[in-house]
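So the chains spell out like this:
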2 protein chains.
Amino acid sequence: MKITLAQLNYTIGDFAYNTKKIIDYIIRAKNEGADLVVFAELAVCGYPAHDFLEFDEFIDLCEKSAEEIAKHTFGIACIIGIPIKNEQSAGKDLYNAAYFIEEGNVRNIIKKALLPNYDIFDEYRYFEPAISFNCIEFKGKKIALTICEDLWNINSNPLYISNPMDELIKQKPDLMINIAASPFSYLHDDERVETLSKSAKHYQLPLLYVNQVGAQTEIIFDGGSLAFDKDGNLLDEMMYFKEDFKIYEFTDNKLQGLNPINHQIVPDIAQIHDALVLGIKDYFDKSGFKKAVLGLSGGIDSAVVCALACRALGPENVMAVLMPSKYSTDHSIDDAMDLVNNIGCRHEIIPIKEATDAFDNMLAPAFQGLPFNIAEENIQARVRGILVMAMSNKFGYIVLNTSNKSECAVGYGTLYGDMCGAIAVIGDVYKTQIYQLAQFINKDGIVIPVNSIAKPPSAELRPDQKDSDSLPDYDQLDKILLQYVELKKSSDAIVEQGFQEELVKRVIKMVNSAEFKRHQTAPILRVSPKAFGMGRRMPIVAKYLS
Amino acid sequence: MKITLAQLNYTIGDFAYNTKKIIDYIIRAKNEGADLVVFAELAVCGYPAHDFLEFDEFIDLCEKSAEEIAKHTFGIACIIGIPIKNEQSAGKDLYNAAYFIEEGNVRNIIKKALLPNYDIFDEYRYFEPAISFNCIEFKGKKIALTICEDLWNINSNPLYISNPMDELIKQKPDLMINIAASPFSYLHDDERVETLSKSAKHYQLPLLYVNQVGAQTEIIFDGGSLAFDKDGNLLDEMMYFKEDFKIYEFTDNKLQGLNPINHQIVPDIAQIHDALVLGIKDYFDKSGFKKAVLGLSGGIDSAVVCALACRALGPENVMAVLMPSKYSTDHSIDDAMDLVNNIGCRHEIIPIKEATDAFDNMLAPAFQGLPFNIAEENIQARVRGILVMAMSNKFGYIVLNTSNKSECAVGYGTLYGDMCGAIAVIGDVYKTQIYQLAQFINKDGIVIPVNSIAKPPSAELRPDQKDSDSLPDYDQLDKILLQYVELKKSSDAIVEQGFQEELVKRVIKMVNSAEFKRHQTAPILRVSPKAFGMGRRMPIVAKYLS
């Protein structure tokens, strides 16, 4: 039998769009001779639909989409992910399910048992776990269909106390199919290949795996759907960060005509680059906006964001606003203009002196001659915030935030100032990675000006300011942050790795003290296993350990 | 035997403080002749500790606190809530548990089975559900100890498929004790009495229930611990919004010396008032701040927040900043000054004209003579945001946000402008409730100026502007919002209740379009069953249904 995997980009809640796309691919699969076409987890409504799932109307619309899709399953069967009602009176109201549809009818309903509820996942908020399991019988074969996490519980410290496949295997299936919504991080593609390979081998069954692709606000799905033989050898790997569509011949209990291949090893920074470009593009496409605006300082962060935005949206749709102050160095404007010229985006230059002077005057009576401090520094950042937001409000541009993960971590950013924006493009990319990203962007010719890369980082909010005045070297800082944020190590454990105790404590204290700022930050495109935002939920008012 | 309930206010992660408080109350209970003292769910670390629970160091410190507490349990036993490690290799790493400690040793470990994961709750993110249940034997009696949600699964559409008490009852217990962290909403105290009464009656056992009290950022615990007889009659109700401590005599399988009483019926608005005052007070106390600053417009919202802040922190710790523009009416300043004089807080007057003029000039080339619109309106709000934040940065005041729930719902607020602040005091209080709150504050004499209450609401961002220019009457608006936000009704269902279709669609569209703003809002003190913030998780980029 011929089985098609459709790796598609869905829009959350856009039933007309998703349904049409699914039907188009059913028709295409049928035209290409397929017997079965497989779509991803919760394909009908998009993932993650969050509290939309708590609206009865939303669930009814999912069911209506399935009815529409079913009309196109004559001569071809399909598998689609869909949230369905729990008809029992006890338990949560929904299941995360899949329909197997054939000849216009739902022949099987498969329910998910293992509901991820860590990091960005909240599935147990909505869904009741499945407790019974059945294979799908199709054309004389038995298919063990599982949904994402149901095939991920294979390791020495499993998160769940049961494995759905341990039940399904008793029914002697011929093939495993797993439908997923498995988000990108720069580590995740390798883990995915390894885990699924282990499952195929463990159960001694060929495995077809289909993922979603596309960004949903902060969450980026990278595609990379996979085929394995029964010994866990990788046979095929679909495209990353793009929609894709493949037909596999499954005969004699084997995926035919495919030989073992190696998993494509792509450098982390190249993956992050592609993920961020897709993240920007889908944010705009799916919310119906075309044009972006950002503050361009001459530094490396805003230069990188500007370059990524131009790749995602086209330079004609990107407006860079240069907002020099009396503390801006000449090279800042020059470096920013070099980027604008390299890249061909639009720009405005609006010096901020008139507004900062106005605030100095207005606040003079209240400030009673107290010395220049963080208050005046923040006024500059906030005046820039007002200007960028004014451009947004006047022309309908969407503001891109340019804060990196290192500064987001330690609170080295001004709330309502440089922390403005609808989407934080590089908020999950450490400063040391930003340099790599700039080099990667420049690999086929200079885009990011060499001087923006080479000069010491500075916020330029007071004379001769350098980031290194208040922050440790980024090289040290980022390593400590990784231990604390990603790996949740204690200060003692980090010190044991050879970092200076005082430095570790200072960094951790900065991270903790900035929790209130991060609570009000823009959504951050997630590219690491632990991004700030919905995946990291820390108390604001609390006593922290360090 | 004498059983004490200790209804206390904990600080998340402050092990030294929580441990000392628990030990102090053990000593007090012992001195007063008690045999057993009962503390709330997760008392050792505070609730909700969020992702602190994922740090090994945090869990180790919980265990150390328990060891310290155990040293004081000679001659008196205690029950404390504590997160503990799951020693099995399969399943989540932790249990939400309680220790029964006697003579220096943990005699029983009780684990929670039903893990709330809706609204503000994320317990399945951290905890493995219990699957075995045992009573505590103490002084010849069997105590069925359950943790919060474990006793809440009694209704016709239960959220969970099992009830721990159905297992425990087989062991023929003499008494039920439930330890909780049950947050306030203006509906919740009634539900709590009803549900627990039903449980006592159903299992035909007396019931002692102890709750936490105090605010943890947005979540407010209201206390109100309870005692019931075996027929579900309420026997005692501890204080609301205050720490409390009571000793009960349990002899002959009865709570002695108590007669059935009625649950105290307190008007919603009085409860909301007390909750908000506690919410402000604990935000400051627990984060070590003393002084607040807010923008005071002369309107009712900021007046109410100012009055609540003065009650929570003392008027000497509240700074009101009056920031008139050319669109401000004379009465705005007069009304604001009336409040300042009524209440005795500090104030500054800083007209915003100089800054708004500066922005007009600076933006003139980019704006190319385009007409006044939302861009200029927002600049005024953002200039005020900068001024209030500058006062905060210069003097260390914490900014109180003054947005109400109605405007937060429909996006009638300026991001980085009037949406600034560390904590949103009335962000869960609809505009129609704000009027009631103002009347309540004025019940013993005028605090909120009559004119602030009587005049038509206006943002005063353009000449003769009224809220009613762009918003429906608050009376209609708030009713529609309640249906959509709290009750998750579809537009059709709301129209069926007699609201005009066009109006309903317009309101829902406004709510949906403001999702990106609410994502960046300050934490909101939660007083309703469905507040904006962590309890309502909606996609940002998505196609909404209306």
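All chains use their own residue numbering, which begins from 1 and follows the written sequence. Chain letters and ligand numbers both follow the written order, the letters beginning at A and the numbers at 1. Only residues with pLDDT of at least 70 are given local features in this predicted model, and only at 80 or more are side-chain atom pairs given and counted; all residues enter the totals for whole chains, interfaces and linings. With hydrogens and water excluded, all non-hydrogen atoms of the structure serve as input to the side-chain values.

### A look at the overall build of chain A
Definition in use: Numbering of helices and strands runs from the N terminus, with a helix taken as a DSSP run of H or I at least four residues long and a strand as a DSSP run of E at least two residues long. C-alpha atoms define the radius of gyration in this analysis, and the globule rule sets the expected value at 2.2 Å times the number of residues to the power 0.38. The criterion used for residue contact is that any of the two residues' heavy atoms lie within 4.5 Å. Computed by Shrake-Rupley with a 1.4 Å probe, the accessible areas treat only the displayed protein chains as cover when residues are assessed. The convention is simple: Lys and Arg are positive, Asp and Glu are negative, and His and the chain ends are not counted. The location of each charge is read from NZ of Lys, CZ of Arg, CG of Asp or CD of Glu.
Along its length, chain A carries 17 helices and 20 strands. By the compact-globule yardstick of 24 Å for 546 residues, chain A fits well, its C-alpha radius of gyration being 26 Å. With the C-alpha coordinates of chain A rotated into their principal frame, the extents come out at 85 × 50 × 50 Å. Look at the contacts in chain A between residues 6 or more apart in sequence, and 74% of them connect residues 24 or more apart. Entry remark: accessible area of chain A is about 19300 Å², with carbon and sulfur atoms responsible for 50%. Distance between charge centres in chain A, computed from 55 positive and 74 negative side chains, equals 1 Å.

### Description of the interface of chain A and chain B
Basically, it comes down to this: We define buried area as the total accessible area lost by two parts upon association, computed with a 1.4 Å probe and summed across both. The working definition used for a salt bridge is a side-chain nitrogen of Lys or Arg within 4 Å of a carboxyl oxygen of Asp or Glu.
The partner chain B presents 100 residues to the 100 residues of chain A that form the contact. Taking both sides of the interface into account, the surface hidden between chain A and chain B amounts to around 8600 Å²; carbon and sulfur atoms contribute 63%. Summed over the three residues of chain A that lose the most area to chain B, namely Lys394(A), Val541(A) and Leu545(A), the buried surface amounts to 9% of that side. A salt bridge links Arg537(A) to Asp122(B); the shortest N-O distance between them is 3.3 Å.

### Considering the pairing of strand β16 (residues 292–295) of chain A
All names here are of chain A. Just so we agree on the cut-off: Two strands pair if DSSP finds at least two bridges between them. Looking down the strands as they point away from you, a crossover is right-handed if its path from the first strand over the helix to the second goes clockwise.
As defined by bridge partners, β16 adjoins strand β17 (residues 318–322) across 4 bridges and the pair is classed as parallel. Bridge pairing links Ala-292 to Val-318 in β17. Handedness of the crossover is the feature at issue here: the chain leaves β16, passes through helix α6 (residues 300–313), returns alongside β17, and the resulting connection is right-handed. Judged from the 2 bridges that link them, β16 and strand β19 (residues 398–401) form a sheet pairing that is parallel. Among the inter-strand pairings, Val-293 is bridged to a residue of β19, identified as Val-399.

### Details of the nonpolar core
Under the convention used in this document: What is meant by a nonpolar core is a set of buried Ala, Val, Leu, Ile, Met, Phe, Trp, Tyr and Cys residues, joined one to another through side-chain atoms within 4.5 Å. Burial classes: relative accessible area under 20% of the type maximum marks a residue as buried, over 50% as exposed, and values in between as partly exposed (1.4 Å probe, protein chains only).
Counting 256 residues, the largest nonpolar core has Phe39(A) and Phe39(B) as the members making the most contacts within it. Residues within four places of Phe39(B) in sequence aside, it is in contact with Ala6(B), Leu8(B), Tyr10(B), Ile22(B), Tyr25(B), Ile26(B), Cys78(B), Ile79(B), Ile80(B), Ile179(B) and Val210(B).

### Section: the side chain of Gln7(B)
Residue and element names in this part refer to chain B. For clarity, the cut-off: The term polar contact refers here to a pair of N or O atoms within 3.5 Å; inside protein, the definition further demands a hydrogen-donor-capable atom paired with an acceptor-capable atom, and it admits residues adjacent in sequence only when both atoms are side-chain atoms.
Looking at where Gln-7 falls in the secondary structure, it is placed in strand β1 (residues 2–7). For Gln-7, the side chain forms a polar contact with the main-chain nitrogen of Gly-224, separated by 3.1 Å. In this structure, Gln-7 is in contact with Val-210, Asn-211, Val-213, Gly-223, Gly-224, Ser-225, Met-238, Met-239, Lys-242, Glu-243 and Asp-244, ignoring residues within four places of it in sequence.

### Some words on helix α11 (residues 431–441) of chain A
All names here are of chain A. Note the following rule: Relevant arc is that of directions from the helix axis to the C-beta atoms, nothing else.
Within the span of α11, buried status applies to Lys-431, Gln-433, Ile-434, Leu-437, Ala-438, Phe-440 and Ile-441. Viewed end-on, α11 has its buried residues packed into an arc of 160 degrees, placing them on one side of the element. Looking at the buried side of α11, the elements it contacts are α5 (268–287), α6, α10 (405–410), α12 (450–454) and α14 (474–486).

### Observations concerning the relation of the copies chain A and chain B
Cut-off, in case you're wondering: Residues reaching a pLDDT of at least 70 in both copies supply the C-alpha atoms on which the copies are superposed by least squares.
When chain A is fitted to chain B, the best match, at an RMSD of 0.0 Å, comes from turning it 180 degrees and sliding it 0.0 Å along the axis. What we have between these two chains is a two-fold relation. In terms of proximity to the rotation axis, the leading residue of chain A is Gln520(A), whose C-alpha is 2.1 Å off the axis. Interface residue correspondence from chain A to chain B reaches 100%, placing this contact among same-surface, isologous pairings.

### Comments concerning the confidence of the model for chain A
Regions with low pLDDT carry predicted coordinates that are not meant to be interpreted in detail. Stated formally: As a per-residue measure, pLDDT tells how confident the predictor is, with possible values from 0 to 100.
In this model, chain A carries a mean pLDDT of 97, and residues with pLDDT of at least 70 account for 100%. The ipTM assigned to the predicted complex is 0.96, against a pTM of 0.97.

### Description of the pattern of salt bridges
All told, the structure shown has 68 salt bridges over all chains when counted by the stated rule. The closest approach of N and O atoms between Lys230(B) and Asp231(B), which form a salt bridge, is 3.6 Å. Lys230(B) gets classed as partly exposed once you look at its relative accessible area, which sits at 36%. What makes Asp231(B) partly exposed here is its relative accessible area of 37%. Via salt bridges that share partners, Asp122(A), Arg537(A), Asp122(B) and Arg537(B) belong to a single interconnected network.

### Thoughts on the pairing of strand β10 (residues 213–216) of chain A
Where a strand is regular, its side chains alternate between the two sheet faces. All names here are of chain A. Along β10, one buried face is formed by Val-213 and Ala-215 and the opposite face, lined by Gly-214 and Gln-216, is buried too. When β10 meets strand β11 (residues 219–222), the two strands line up antiparallel, connected through 4 bridges. The residue bridging Gly-214 from the neighbouring strand is Phe-221, located in β11. Hairpin remark: β10 followed by β11, antiparallel, with 2 residues in the connecting loop; positive phi at Thr-217, about 50 degrees.

### Some details on the sheet that holds strand β2 (residues 36–38) of chain A
Residue and element names in this part refer to chain A. Which entries qualify depends on this criterion: Lines fitted to C-alpha atoms define the axes here, with helix axes fitted over just the stretch in contact, and angles between the N-to-C directions of these axes take values from 0 to 180 degrees.
Overall, mixed pairing links the 7 strands, which are arranged β5-β4-β3-β2-β1-β14-β15 in an open sheet. Only two strands of the sheet have a single neighbouring strand rather than two, namely β5 (105–111) and β15 (254–255). The pairing of strand β4 (residues 94–102) with β5 spans 6 bridges and is classified as antiparallel. Across the sheet, the residue bridging to Glu-102 is Asn-105, located in β5. Taken strand by strand, helix α2 (residues 56–70) contacts β3 (77–85) and β4, and its axis lies near 165 degrees from that of β3.

### Some thoughts on the packing of helix α14 (residues 474–486) of chain B against helix α16 (residues 501–513) of chain B
Residues and elements named next belong to chain B. Test applied: For this classification, under 35 degrees means roughly parallel, over 145 means roughly antiparallel, 65 to 115 means roughly perpendicular, and everything else is oblique. Working rule for handedness: look at the near helix, and if it is turned counterclockwise from the far one by less than a right angle, call the crossing left-handed; if clockwise, right-handed. The residue classification treats Ala, Val, Leu, Ile, Met, Phe, Trp, Tyr, Cys and Pro as nonpolar and Asp, Glu, Lys and Arg as charged. All others, Gly included, are polar.
Where α14 meets α16, the axes come as close as 10 Å, and the angle between the chain directions of the two elements is 65 degrees. Classified by the angle their axes make, α14 and α16 are roughly perpendicular. Crossing handedness for the pair α14 and α16: right-handed. From α14, Gln-476, Leu-477, Ile-480, Leu-481 and Tyr-484 reach across to α16, where they touch Leu-503, Val-504, Val-507, Ile-508, Val-511 and Asn-512. Across the contact of α14 with α16, the residue classes tally to 9 nonpolar, 2 polar and no charged.

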